[in-house]
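The primary structure of each chain is shown beneath.
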Amino acid sequence: MPQVNFVAADGSITTCSAEVGDTVMQTAMANDIDGIVAECGGSMMCATCHCYVDEAWQDQTGPRADGEDDLLDCASSEVRPTSRLSCQIRLTPALDGLVVHLPDSQQ
Amino acid sequence: MIATAEMIEGHRRIAPPHGAPVWDVDPYDEAILCSPQDYYSELRRLGEVVYIPKYSVLAVGRYQVTHTVFSDYEHFVSSRGVGLDDFKLSRPWRQPSIILEADPPDHTKTRKVMARALSPKSVKMLEALFVQVAETLVDEVIARGTIDAIPELAERFPVTVFPRAVGMKDVDTRYLVDYGAMVFNAGGPDNAIRRRAMQSAGVIVPWITAACARNRLEAQGLGAMIYRAADAGEITVEEAAMLVRSFLSAGVDTTVTGIGNALWCFSQFPDQWEKLKADPGLLRPAFEEVLRLTSPVHTFARTANCDTTIAGVPVEADSKILCVLGAANLDPDKWPDPERFDIERRPVGHMAFGAGIHGCVGQNLARGELQALLGMMLKKVDRIEPAGQAVWRPNNGIHALNALPLRIIPK
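Residues numbered from 1 in each chain as written. Chains lettered and ligands numbered in written order. Predicted model: local features only at pLDDT ≥ 70, side-chain atom pairs only at ≥ 80, totals over all residues. Heavy atoms only, no water.

(A) A look at the layout of surface pockets. Residues and elements named next belong to chain B. A volume near 260 Å³ is recorded for the second largest pocket. Every residue along the wall of the second largest pocket is listed here: Arg-174, Val-177, Asp-178, Ala-181, Asn-185, Ile-193, Arg-196, Ala-197, Ser-200, Arg-393, Pro-394 and Asn-395. Contributions of two or more residues to the lining of the second largest pocket are made by helix 8 (173–185) and helix 9 (192–198). Considering only residue class, the lining of the second largest pocket consists of 5 nonpolar, 3 polar and 4 charged. (1 Å grid on protein atoms, 1.4 Å probe; cavity = no way out; pocket = protein on both sides within 12 Å on 5 of 7 lines; lining within 4 Å. Points joined across faces, edges and corners; volume = space filled by probe spheres on them. Helix = DSSP H or I, 4+ residues; strand = E, 2+ residues; numbered from the N terminus. Nonpolar A, V, L, I, M, F, W, Y, C, P; charged D, E, K, R; others polar.)

(B) Summary view of the pattern of salt bridges. In this structure the tally under the stated criterion is 41 salt bridges over all chains. Close ionic contact of Arg116(B) with Asp70(A) constitutes a salt bridge, the shortest N to O distance being 3.3 Å. With Arg116(B) in helix 4 (residues 106–117) and Asp70(A) in helix 3 (residues 68–72), this pair bridges two chains. Arg116(B) gets classed as partly exposed once you look at its relative accessible area, which sits at 29%. We note a salt bridge from Glu42(B) to Arg45(B), for which the minimum N-O separation is 2.8 Å. Here the residue Glu42(B) and the residue Arg45(B) both occupy positions in helix 2 (residues 37–46), the gap between them amounting to 3 residues, near one helical turn. The exposure class assigned to Arg45(B) is exposed, which follows from its relative accessible area of 57%. A network of salt bridges, in which partner residues are shared, links Glu274(B), Lys277(B), Asp382(B), Arg383(B), Glu385(B) and Arg407(B). (Salt bridge = Lys/Arg side-chain N within 4 Å of Asp/Glu carboxyl O. Buried < 20%, exposed > 50% of the residue type's maximum accessible area, 1.4 Å probe, protein only.)

(C) Structural context of the state of the cysteines. Under the counting rule described, the total for this entry stands at 0 disulfides over all chains. No disulfide involves Cys40(A); its nearest neighbouring cysteine sulfur is the one of Cys46(A), lying 3.8 Å away. A disulfide-free cysteine, Cys306(B) has its sulfur positioned 15 Å from the sulfur of Cys323(B), the nearest such atom. You can call Cys306(B) partly exposed: its relative accessible area is 28%. (Disulfide = S-S within 2.5 Å.)

(D) Focus on the sheet that holds strand 3 (residues 50–52) of chain B. All names here are of chain B. Across the sheet, 5 strands lie side by side as 3-4-10-7-5; this open sheet has mixed pairing. Edge positions in the open sheet fall to strand 3 and strand 5 (76–77), since each of these has one partner strand only. Pairing between strand 7 (residues 299–304) and strand 10 (residues 320–324): 5 bridges, direction antiparallel. Within strand 10, the residue paired with Arg-302 across the bridge is Ile-321. (Pairing = 2+ DSSP bridges.)

(E) Quick peek at the packing of aromatic side chains. Residues and elements named next belong to chain B. Considering all chains together, one arrives at 11 aromatic pairs over all chains under this definition. Between Tyr-175 and Trp-207, the aromatic rings sit 5.4 Å apart at their centres with planes inclined by 75°, giving edge-to-face as the arrangement. Within this pair, whereas Tyr-175 is found in helix 8, its partner Trp-207 is found in helix 10 (residues 201–211), the two being separated by 32 residues in sequence. Seen in terms of ring centroids, Phe-266 and Trp-273 are 5.2 Å apart; in terms of plane orientation they differ by 70°. Their pairing is edge-to-face. In terms of burial, Phe-266 and Trp-273 fall into one category: buried. Through a chain of ring-to-ring contacts, three or more aromatic side chains come together here, namely Phe-266, Phe-269, Trp-273 and Phe-341. Lying over the aromatic face of Trp-335, Lys-334 brings its terminal NZ or CZ to 5.4 Å of the ring centre. (Phe/Tyr/Trp six-rings, centres within 6.5 Å; stacked < 30°, edge-to-face > 60°. Lys NZ or Arg CZ within 6 Å of the ring centre and 35° of its normal.)

(F) Fine view of empty space enclosed by the protein. All names here are of chain B. Scanning the model with the defined rule gives 5 cavities of 30 Å³ or more in all. Reported here for the largest cavity is a volume of approximately 710 Å³. For the largest cavity, the lining is made up of 41 residues, of which Ala-250, Thr-254, Cys-360, Val-361 and Gly-362 are closest to its centre. Counting residues per element, the ones that place at least two in the lining of the largest cavity are helix 4, helix 8, helix 12 (237–251), helix 13 (253–268), helix 15 (283–294), strand 7 and helix 17 (363–380). Tallied by class, the residues present in the lining of the largest cavity amount to 25 nonpolar, 12 polar and 4 charged.

(G) Expanded view of the packing of helix 7 (residues 149–166) of chain B against helix 8 of chain B. Residues and elements named next belong to chain B. Contact pair helix 7 / helix 8: the axes reach a minimum separation of 10 Å and the direction vectors enclose 105°. The orientation of helix 7 with respect to helix 8, classified from their angle, is roughly perpendicular. The residues of helix 8 that touch helix 7, namely those facing Glu-155, Val-159 and Pro-163, are Thr-173, Arg-174, Leu-176 and Val-177. Among the residues forming the contact of helix 7 with helix 8, the class breakdown is 4 nonpolar, 1 polar and 2 charged. (Axes fitted to C-alpha atoms, helices over the stretch in contact; angles between N-to-C directions. Parallel < 35°, antiparallel > 145°, perpendicular 65-115°, else oblique. Contact = heavy atoms within 4.5 Å.)

Printed below as a string of C-alpha cells:
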C-alpha cells in the first residue's frame, strides 16, 4: 500500500495510505485533504486538483497527460514545471513515499 | 446480416447471463421515469448486474460497478451508441456524435478540442454575460411573485445565454429545447415518448445542422473556437460542424434541467436555502449536491465490444448495459442518508456528469450558468416556496420537471 505525503501551502504534512491504481486526487479526497477540491471528479475538466510534484519524484510520476496543459493553464495558482493535475497521477508500488505540494488556492 | 428475430429495440437479443438476477421491469415506463427512486433502490438491491428481459439488456445501479462499467471504455464502448440502439447493427437516427458516441483514439482528438473551448478560463469570460442576464430574469420573476419556474427561469436562462455563448446568429429557443429532448429520448426504446419527441425531427435536425455552419456563427463565440481548431489542422471542417452540433445537443436541455432541479431542491428543503444564504461560499458544492440527488441525466448505455465480465458475471459481446447514473448517485453504500439534500455534503465523484474520459465536457459551463443564476437569487431572494404541485416529465434519458409553481419572495 503506497504512502502519499501531501504538503499543504503552510508547510504542514499529511501522510496517507493509498490504494495502487487510485489517483493522487482520489487519495486526497478519501483522506479529506483540504488543499484539493476536485470539482469535476477526475474527468480532467476543472483544474481544481492542481499539485506540485516534489522534484525528487518528477521522473517517476512521468509527463503530463495529453490535454493536461490546457487545463493547467486555467489553474488559479501559479503553474510551475512541476505542476500536475493530481487526478492524472495513478499510484503504483513504485510511487510509495510520493511527495506532492499543494497550492494556496484551487478556485 | 443479423436476422431481425434476434434483434430487439435496435440491438441484439442476448441470453440472460449466468448469475445475473432477472427483473421483469420496464425502466422506461412513464411512471418510473417520473418517479424513479423505487426503481433505483430495487435495481441496487437485486445485485451488481441485473438482466431485464423486456429489452434484453443488462443494468447496473450500484455506485462502484456503475462507475467501473461507465469508465471502462475498452470493454464497454460508446461508439455503438449510448442508448438502446446498437450502431453496429442498426441505423442511427442521426449521424452519430463524434464525441459522445466515439471511442479513443478518435474521441481523444475531438474531446481535446471541446475541452479547450469549454475550459474554466473560457467560461470565466462568459461570467459577465451570465450575471447580467441572471439579474434581468431574477428581477422579472420577483416582480411577478408567483411563477412556473420551468419556462420562466429554468428554460429562459439557458436559451438566452447559451446561443450567445456559442455565437449563434440563428436562434429558435423552442427548437433548441426540443432538440435536446429529442436526443435524450432517442436513447430509449421505441416508446410513445420517443415517438412524440421524434415527430418534429424532420424540421429540427436540418435547422440545427444549418445553424452550426461556420457562416452562421459570430467570430467571438465558442462555436468559432471549434472552427479555429479546424483551421489549425486539429480536426476537419466537417468535424468542427459536428462538434458545434454537440454543443446544442448536450448543452441546453441538460442545463434547463439542472436549474429546474436546483430550484425544486431549494423549494423542498428551505433549511438548505437558509444555510446557503448564511454561507454563499457553499453555492458550488450545493449545485453538486443538487446533481447527485436529482441526476438530470438518469441513464446512459454502453455496449460490450467483446466477451467480458461485470463483477464476475459473464457478459457476452454485443450486450447493451444500462448505466443507471441516478441509482448510483443514491447508493447508500457510497452516500450516507442518500435521499437527504445536504449542501455541505461535497459529493465529489457523483455520476451526474458521468465519469472518466466521457465525463461531461460542458460541466464548467453548466456550473458557471448555475452559479450566476443561483448567485443572483441569493442576493435578491429571501425565500423560494412551492405554490402548487411540481410535475415531473417522462424522458428516456433526462429526469426533468414539466412544471414547478413557485412563490419568489424578495429580500
